[in-house]
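Residue-level listing of the chains:
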Amino acid sequence: NAGVTQTPKFQVLKTGQSMTLQCAQDMNHNSMYWYRQDPGMGLRLIYYSASEGTTDKGEVPNGYNVSRLNKREFSLRLESAAPSQTSVYFCASSEEERQNTEAFFGQGTRLTVV
Amino acid sequence: AQSVTQPDIHITVSEGASLELRCNYSYGATPYLFWYVQSPGQGLQLLLKYFSGDTLVQGIKGFEAEFKRSQSSFNLRKPSVHWSDAAEYFCAVGATTGANNLFFGTGTRLTVIP
């Protein structure tokens, strides 16, 4: 089972460039999430999608956009990358809307903005 | 608002020794509580979770955690640590009502010495 798959695993961007991080899950989960992980700050929620066709802001949404393309896929877009967006990004999914069931995480995308 | 505190940034233990990782949470009602483990370069894996009922919960890899409402704590324990337990450990609290979110602590990095 692949679980949650993120691409790419590593990326270096120049300030002002745009890119899309891809995430796909094969567990037929309704809810999907994007987090960023920064040293000393744990994981913080950027955006989430409770179900196909819906998206909502999390704790740190500024500078990002998301698309829930279908039930399997949830992408995160940086329109104009900034050095402050250097981070490790994790996609996750869960069966239910509230994360009171197990959340499954991808292996992460390490993004550096120079 | 929910919050999670992991007071120990880094803990070093000898292989075979016991382990306790501390977690304190702030939440108005009975929360959903989780412990996740992150091995280097990997995503997060659920170790155990508490929703209700027995306050001592068992997880994978020989870990257990105890929910203590009076102390707002959910400490993770293992009686005998193995070298493969070296990783970063995250405590998280989930909302039981309202907004969909999972709040993570800043993590505790565990080093195991032979």
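Residues numbered from 1 in each chain as written. Chains lettered and ligands numbered in written order. Predicted model: local features only at pLDDT ≥ 70, side-chain atom pairs only at ≥ 80, totals over all residues. Heavy atoms only, no water.

Draft legend 1. Representation of the side chain of Asp85 of chain B. All names here are of chain B. Note on placement: Asp85 falls in the loop between strand S9 (73-78) and strand S10 (87-94). In terms of polar contacts, Asp85 uses its side chain to reach the backbone amide nitrogen of His82, at 2.8 Å. Look past the residues within four positions of Asp85 in its chain and what remains in contact with it is Phe63, Lys78, Leu110 and Val112. (Helix = DSSP H or I, 4+ residues; strand = E, 2+ residues; numbered from the N terminus. Polar contact = N/O pair within 3.5 Å; in protein donor to acceptor, adjacent residues only side chain to side chain. Contact = heavy atoms within 4.5 Å.)

Draft legend 2. Local environment of the nonpolar core. Residue and element names in this part refer to chain B. Formed by 27 residues in total, the largest nonpolar core has its most connected members in Leu19, Trp35, Leu47, Leu48, Phe74, Leu76 and Tyr89. Elements with a contribution of two residues or more to this core: strand S2 (10-14), strand S3 (19-21), strand S5 (32-38), strand S6 (44-50), strand S8 (64-68), S9, S10 and strand S12 (108-113). At four residues, the largest contribution of residues to this core is made by S10. Residues contacting Leu76, with those up to four places away along its chain left out, are Leu19, Glu20, Leu21, Trp35, Leu47, Leu48, Phe63, Glu64, Ala65 and Tyr89. (Core = buried A, V, L, I, M, F, W, Y, C linked by side-chain atoms within 4.5 Å. Buried < 20%, exposed > 50% of the residue type's maximum accessible area, 1.4 Å probe, protein only.)

Draft legend 3. View of the side chain of Gln25 of chain A. All names here are of chain A. Position of Gln25 relative to the elements: it lies in strand S3 (residues 19-25). The buried category is assigned to Gln25, whose relative accessible area is 2%. Here Met27 takes part through its backbone nitrogen, which lies 3.0 Å from a polar atom of the side chain of Gln25. In this view, Gln25 contacts Gly3, Val4, Met32, Arg68, Lys71, Arg72 and Ser93; residues no more than four positions away in its chain are not counted.

Draft legend 4. Broad picture of the state of the cysteines. In this structure the tally under the stated criterion is two disulfides over all chains. One disulfide in the model links Cys23 of chain A with Cys91 of chain A; its S-S distance is 1.9 Å. With the S-S dihedral at roughly -75 degrees, the linkage between Cys23 of chain A and Cys91 of chain A falls on the left-handed side. Pair noted here: Cys23 of chain A is in strand S3 and Cys91 of chain A is in strand S9 (residues 87-94), with a separation of 68 residues, a long-range link. On the basis of relative accessible area, Cys23 of chain A is assigned to the buried category, the value being 3%. Note on cysteine connectivity: Cys23 of chain B is disulfide-linked to Cys91 of chain B, with sulfurs 1.9 Å apart. Between Cys23 of chain B and Cys91 of chain B, the S-S torsion sits near -65 degrees, and that sign places the bridge as left-handed. With a gap of 68 residues between them, Cys23 of chain B in the loop between S3 and strand S4 (24-26) and Cys91 of chain B in strand S10 connect regions that are remote in the sequence. (Disulfide = S-S within 2.5 Å.)

Draft legend 5. View of the sheet that holds strand S8 (residues 74-78) of chain A. All names here are of chain A. Strand order in the open sheet made by the four strands is S1-S3-S8-S7, with antiparallel pairing throughout. Looking at the sheet topology across the chains shown, the edges are occupied by strand S1 (4-7) and strand S7 (64-68). Ignoring which end each strand starts from, the neighbouring axes of this sheet average 15 degrees apart. Examined bridge by bridge, S7 and S8 share five bridges and lie antiparallel to one another. Looking at the pairing, Asn65 lines up with Arg77 of S8. (Pairing = 2+ DSSP bridges. Axes fitted to C-alpha atoms, helices over the stretch in contact; angles between N-to-C directions.)

Draft legend 6. Layout of the pairing of S12 of chain B. Residue and element names in this part refer to chain B. The side-chain alternation of S12 yields one buried face, formed by Thr108, Leu110 and Val112, and one unburied face, formed by Arg109, Thr111 and Ile113. Strand direction decides the pairing type here: S2 and S12, joined by five bridges, are parallel. Bridge pairing in S12 links Thr12 to Thr111. As paired elements, S10 and S12 share three bridges and run antiparallel to each other. If you follow Ala87 over to S12, its bridge partner there is Leu110.

Draft legend 7. Structural context of the pattern of salt bridges. Residues and elements named next belong to chain B. Evaluation of the coordinates by the stated rule reveals seven salt bridges over all chains. Residue Arg77 is joined to Glu64 by a salt bridge in which the shortest nitrogen-to-oxygen separation is 3.2 Å. With a gap of 13 residues between them, Arg77 in strand S9 and Glu64 in strand S8 connect regions that are remote in the sequence. Taking relative accessible area as the criterion, Arg77 reaches 23% and is therefore assigned partly exposed. (Salt bridge = Lys/Arg side-chain N within 4 Å of Asp/Glu carboxyl O.)

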